[in-house]
Amino acid sequence: MTIFDDPRELARLNLQRSFSRGGEDRLILDALGNPSTGFYVDVGAHHPYRHSKTALFAERGWTGINIDAAPGFCELFDRYRPNDLNLNVAIAPEAGTVTVPLFDDGAWDATRLEETDDRPSEVEIEAVRLDTILDMHVFPGEPIDVMNLAIGALARPVLEGLDLKARRPRYLIVPDPDFDFAAAEASPIYTLLLGRGYRLAFRTNANSVFVRDDAAEERVSAPVAPAQPDSAPAAVPEQEVPEQDMAERVADVETALDGFVWDAEAPDRLAAKSAAAHDARRRLQAVMARETVRIAPGNFGFLGKSVGVTFKPVPLQDVFAGADADLILLTGHLFFQGPDFYRQLAEARARLPEAVIGLYLRDNHREYAENLRMAEAVDFVIPGHGYRAHYLRAANFNILDAEPMASGQFSASHMRAIFDEAEGAPRSDALYGRFNHNPNAPWRTAFLDAVAAGVPGNDVVEWKPGIERDDADQSPDSRYREWLGHKVSLVAQSDFATPRRVFDALLAGQIPLIPRGLPDLDALIAPERQADLPIVFYEEMTVEAVAAAHRIALQRFDEGGTAGARARHEFARGSHQMQHRYRAILTRLVRMGREPLSEPTGPQEGAAH
């Protein structure tokens with residue numbers, strides 16, 4: 001049996017809109033602007049889909065070379081990657097015979113020895129140099145957009161023997177499990193590629209992803225001579241960072257999918273979901289045909305004019321207490337769900353069978369079981385993140401395209417008055433950042449610890465277990481005033497989407513310090529607008545890169561002064577608050593409700609891809 005015979009495996013593979021274990025494919029594709037053509041070289045390709053770093057590129061229309069030494073490798077790749085060149089050989093620093101670990105599933109990435117109790121067999125196979133393969137099959141000057149070297153400890157010597165002047169892949173994915181942000185120079189892989197014209201783009205699990213310097217986009221900020229700190233950055237102490245067990249995460253997902261994923265032996269379940277999705281669209285069409293639409297929560301009522309509908313606002317608690325409503329739009333952030341939420345929702349659903357219930361699921365990228373439960377209870381789901389949304393279709397076929405995050409933690413009614421009150425007041429030069437601890441992102445914890453210890457005079461805190469929050473008793477207004485007291489905020493990537501803190505920083509008039517290549521950013525803020533605000537990027541997730549970018553951001557803030565801070569505030573307040581996202585969601589629902597209704601055939605058109 002192959003994975004294509006197992007719908008559960010397919011659902012798991014499509015979970016993140018990413019096939020790779022760390023999301024490298026999604027990050028790179030987003031950074032490149034989702035091009036439909038490109039060329040990759042995948043060394044240690046293993047499988048056309050499972051854990052693949054290049055399957056997502058192939059689905060977009062890219063082609064490339066896939067190389068693996070596992071027996072039978074070409075059979076699957078020739079079937080599912082017929083447009084690629086598939087080579088069943090081993091890659092080594094020198095041609096000859098090598099011994100490699102081979103697992104039962106055909107994987108031979110040596111780094112897996114540290115991730116499993118399974119013991120592989122060892123096989124001796126003939127190996128060739130990578131540059132030999134490239135000389136034979138890649139024309140001189142032909143661009144290589146992505147090169148993946150999933151060959152464990154062999155990656156470094158293979159890179160040392162590769163002519164990176166003649167062959168300069170735009171992105172390099174290299175295993176480096178011992179990399180430490182606090183001591184990046186101690187990594188032989190990092191120093192090797194830094195010396196050959198590459199910079200670290202991001203880290204995912206045990207891999208480092210590098211981008212060549214001459215492929216980087218034009219810098220938003222003009223070159224500024226680095227300011228010299230009064231003293232050298234403090235030494236970063238040894239950090240105990242718990243290793244993320246990816247097997248447990250996969251098990252969590254598969255457990256969450258139990259009872260939801262249909263299979264070939266239960267076509268009635270698929271038909272039932274299709275019929276439910278079709279009926280939801282029928283009800284949406286009926287609701288949007290009414291002269292007045294009763295909408296809950298009531299604070300959405302003022303959006304009616306902007307979306308072309310007359311809304312009559314109804315408080316959500318009134319609906320749960322027995323009031324009528326035609327359209328209910330819920331926020332699916334787990335923090336907002338009370339203990340009686342599902343009981344109240346089920347009662348409202350039973351009492352209002354013709355009502356339409358939508359869900360803006362702001363946490364679709366984690367808490368899988370809870371999200372599936374919520375998705376099954378409503379008619380339409382709008383994820384807050386474009387990745388990790390496919391699994392929701394196991395519970396609901398009406399999964400729409402994602403609506404990205406926006407500023408939502410401050411009091412909208414008071415922000416302008418508080419900003420006006422604080423305008424012109426002195427602000428701190430200290431790099432600011434308050435971060436909730438994410439146990440699924442140990443690389444972010446390591447990075448934040450390094451920044452907190454190594455960037456002079458910073459005010460960066462991650463609230464780990466045992467660390468008392470310093471804003472626990474703060475109101476949204478007082479928290480906003482704290483943000484207004486700083487010039488620059490740090491944005492640290494833990495997931496594969498633009499976080500709301502980008503817009504929180506702009507709303508406070510700050511300059512956000514953002515890692516280069518943050519997915520979706522260009523779609524939310526045009527590059528020319530990024531330069532004008534400005535947004536300042538740090539080129540690597542290292543202390544040195546953050547410190548250098550922080551100096552640039554401080555200079556740009558001081559140059560723009562009060563007028564610059566107000567321009568950033570007005571930009572975010574006018575375009576990137578939660579009300580703007582809800583308006584966009586309601587606009588889409590109104591448009592869908594006025595479209596002709598087609599016959600049910602499966603996952604509905606407009607669902608997330």
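Residues numbered from 1 in each chain as written. Predicted model: local features only at pLDDT ≥ 70, side-chain atom pairs only at ≥ 80, totals over all residues. Heavy atoms only, no water.

Colleague: Hey, could you run me through the overall build of the chain in this one?
Modeller: Looking only at helices and strands, the chain features 21 helices and 20 strands. For the chain, the residues scored as buried account for 55% of the 609 residues in total. Within the chain, residue pairs in contact and separated by at least 24 positions form 68% of the contacts whose partners lie at least 6 positions apart. Accessible surface computed for the chain: about 26300 Å², of which carbon and sulfur atoms make up 50%. (Helix = DSSP H or I, 4+ residues; strand = E, 2+ residues; numbered from the N terminus. Buried < 20%, exposed > 50% of the residue type's maximum accessible area, 1.4 Å probe, protein only. Contact = heavy atoms within 4.5 Å. Areas by Shrake-Rupley, 256 points an atom, 1.4 Å probe, with all protein chains shown as cover.)

Colleague: I would appreciate a short explanation of the side chain of N148 in the present structure.
Modeller: Position of N148 relative to the elements: it lies in strand β7 (residues 146-149). If we skip the residues at most four places from it in the chain, N148 touches V41, D42, V43, K53 and I173.

Colleague: For this particular structure, what's the right way to read the packing of helix α14 (residues 415-422) against helix α16 (residues 476-484)?
Modeller: Any two packed helices are characterised by how steeply their axes cross, that is the angle between the axes, and by the distance between the axes. Interhelical geometry of α14 versus α16 gives an angle of 40 degrees and a closest axis separation of 11 Å. In terms of their interaxial angle, α14 and α16 are classed as oblique. Seen from above, α14 lies across α16 with right-handed handedness. Here α14 contributes M415, I418, F419, E421 and A422 to the contact with α16, which in turn contributes D477, Y480, R481 and L484. Across the contact of α14 with α16, the residue classes break down as six nonpolar, no polar and three charged. (Axes fitted to C-alpha atoms, helices over the stretch in contact; angles between N-to-C directions. Parallel < 35°, antiparallel > 145°, perpendicular 65-115°, else oblique. Left-handed = near helix turned anticlockwise from the far one by under 90°. Nonpolar A, V, L, I, M, F, W, Y, C, P; charged D, E, K, R; others polar.)

Colleague: Sorry if this is basic, but what is going on with the sheet that holds strand β3 (residues 85-87) here?
Modeller: One open sheet holds the seven strands; their spatial order is β3-β2-β1-β7-β8-β10-β9, and the pairing between them is mixed. Because the sheet does not close on itself, it has two edges, and the strands there are β3 and β9 (198-204). The average undirected angle you get between the axes of adjacent strands in this sheet is 15 degrees. (Pairing = 2+ DSSP bridges.)

Colleague: I keep staring at unusual backbone geometry and nothing clicks. Help me out?
Modeller: Excluding glycine, residues mostly have negative phi values, and the peptide bonds linking residues are mostly trans. Along the chain, A296 connects to P297 via a cis peptide bond; the corresponding omega equals 0 degrees. In this structure, the amide linkage connecting L533 to the following residue, P534, adopts the cis form with an omega of -5 degrees. Following the sequence through the fold, P534 ends up in the loop between α19 (527-532) and β20 (536-538). Phi at N34 takes a positive value of approximately 55 degrees, unusual for a residue other than glycine. Within the fold, N34 resides in the loop between α2 (24-32) and β1 (39-43). What makes N34 partly exposed here is its relative accessible area of 30%.

Colleague: Mind showing me how you'd approach the pattern of salt bridges here?
Modeller: If charged atoms from side chains of opposite charge come close, those side chains can pair. Following the criterion strictly, the structure yields 35 salt bridges and no others. Put simply, D326 and R294 hold a salt bridge, and the shortest N to O gap is 2.8 Å. With D326 in the loop between α11 (316-320) and β13 (327-331) and R294 in strand β11 (residues 293-296), this residue pair connects regions lying 32 residues apart in the sequence. Across the salt bridge formed by R343 and D340, the nearest N and O atoms sit 3.6 Å from each other. Put simply, D279, R282, R283, R349, E354 and D379 are held in one network by salt bridges that share partners. (Salt bridge = Lys/Arg side-chain N within 4 Å of Asp/Glu carboxyl O.)

Colleague: I keep staring at the confidence of the model for the chain and nothing clicks. Help me out?
Modeller: Any residue range with low pLDDT should be treated as having predicted coordinates unsuitable for detailed reading. Counting all residues, the mean pLDDT for the chain is 80, and 79% of those residues have values of 70 or more. No element of the chain has a lower mean pLDDT than helix α1 (residues 7-13), at 40, and none a higher one than strand β18 (residues 488-490), at 97. Segment residues 1-16: pLDDT under 50, and 44 contacts once partners within four positions in sequence are set aside and those in other chains are kept. (pLDDT = per-residue confidence, 0-100.)

Colleague: How should the pairing of strand β16 (residues 432-436) be read in this particular structure?
Modeller: Each regular strand displays side chains that alternate between the two surfaces of the sheet. Burial of β16 is extensive: four of the five residues sit out of reach of the surface. For β16 and strand β17 (residues 459-463), the ladder comprises five bridges, and the chain directions are parallel. Directly across from Y432, in β17, lies its bridge partner D459.

Colleague: What exactly am I supposed to notice about the sheet that holds β13 here?
Modeller: The pairing of strands in a sheet comes from backbone hydrogen bonds and takes either a parallel or an antiparallel form. One open sheet holds the five strands; their spatial order is β12-β11-β13-β14-β15, and the pairing between them is parallel. Looking along the sheet, the strands with just one partner apiece sit at the ends: β12 (311-313) and β15 (380-383). Across the sheet, the axes of successive neighbouring strands diverge by a mean angle of 25 degrees, strand direction being ignored.

Colleague: What is the right way to look at the nonpolar core in this model?
Modeller: Residues L130, L490, L513 and Y538 are the most contacted members of the largest nonpolar core, which totals 86 residues. Take this core: its biggest share by element is twelve residues, from helix α20 (residues 543-575). If we ignore the near neighbours within four places in the chain, the residues touching L513 are L431, V488, S489, L490, V491, V536, Y538, V546, A549, H550 and A553. Formed by 28 residues, the second largest nonpolar core is a distinct cluster that contains L352, L372, M374 and L392. (Core = buried A, V, L, I, M, F, W, Y, C linked by side-chain atoms within 4.5 Å.)

Colleague: Please explain the packing of α14 against α20 as it appears in this structure.
Modeller: Packing of α14 against α20 leaves a shortest axis separation of 12 Å and a crossing angle of 180 degrees. In terms of their interaxial angle, α14 and α20 are classed as roughly antiparallel. Residues M415, R416, F419 and D420 of α14 lie in contact with α20, whose contacting residues are A565, R566, H569, E570 and R573. Split by residue class, the contact of α14 with α20 holds three nonpolar, one polar and five charged.

Colleague: Help me out: how do you make sense of the pairing of strand β8 (residues 171-175) in this one?
Modeller: Most of β8 sits inside the fold, with five of its five residues counted as buried. Here β8 shows no split at all, with Y171, I173 and P175 on one side and L172 and V174 on the other all buried. As defined by bridge partners, β7 adjoins β8 across three bridges and the pair is classed as parallel. If you follow M147 over to β8, its bridge partner there is L172. Crossover connection from β7 via helix α6 (residues 155-160) to parallel β8: handedness right-handed. (Right-handed = clockwise from strand over helix to strand, strands pointing away.)

Colleague: What is the right way to read the environment of Y198 from this model?
Modeller: Residue position: Y198 is located in strand β9. Under the relative-accessibility criterion, Y198 is labelled buried at 0%. For Y198, the contacting residues outside a window of four places in its chain are L164, R168, P169, R170, L172, L193, F210, V211, R212 and D213. Separated by 2.6 Å, the side chain of Y198 and the backbone oxygen of P169 make a polar contact. (Polar contact = N/O pair within 3.5 Å; in protein donor to acceptor, adjacent residues only side chain to side chain.)

Colleague: Looking at this model, I keep getting lost on helix α5 (residues 130-137). Mind explaining?
Modeller: Because each turn of an α-helix spans 3.6 residues, side chains separated by three or four positions end up pointing in the same direction. Here α5 has its buried residues at L130, D131, I133 and L134. Looking straight down α5, one finds that the buried residues subtend no more than 155 degrees of arc, so they occupy a single side. Those residues of α5 that are exposed and angled more than 90 degrees off the buried face are D135 and M136. (Arc of directions from axis to C-beta.)

Colleague: Where do I start with the environment of K165 in this structure?
Modeller: You can see K165 is positioned in the loop between α6 and β8. We classify K165 as exposed; its relative accessible area is 77%. Considered as a pair, K165 and R196 are 31 residues apart in the sequence and their alpha carbons are 8.1 Å apart.

Colleague: Sorry if this is basic, but what is going on with helix α13 (residues 368-376) here?
Modeller: All of the buried residues in α13 are Y368, N371, L372, M374 and A375. Taken down its axis, α13 places every buried residue within 165 degrees of arc, on the same side.

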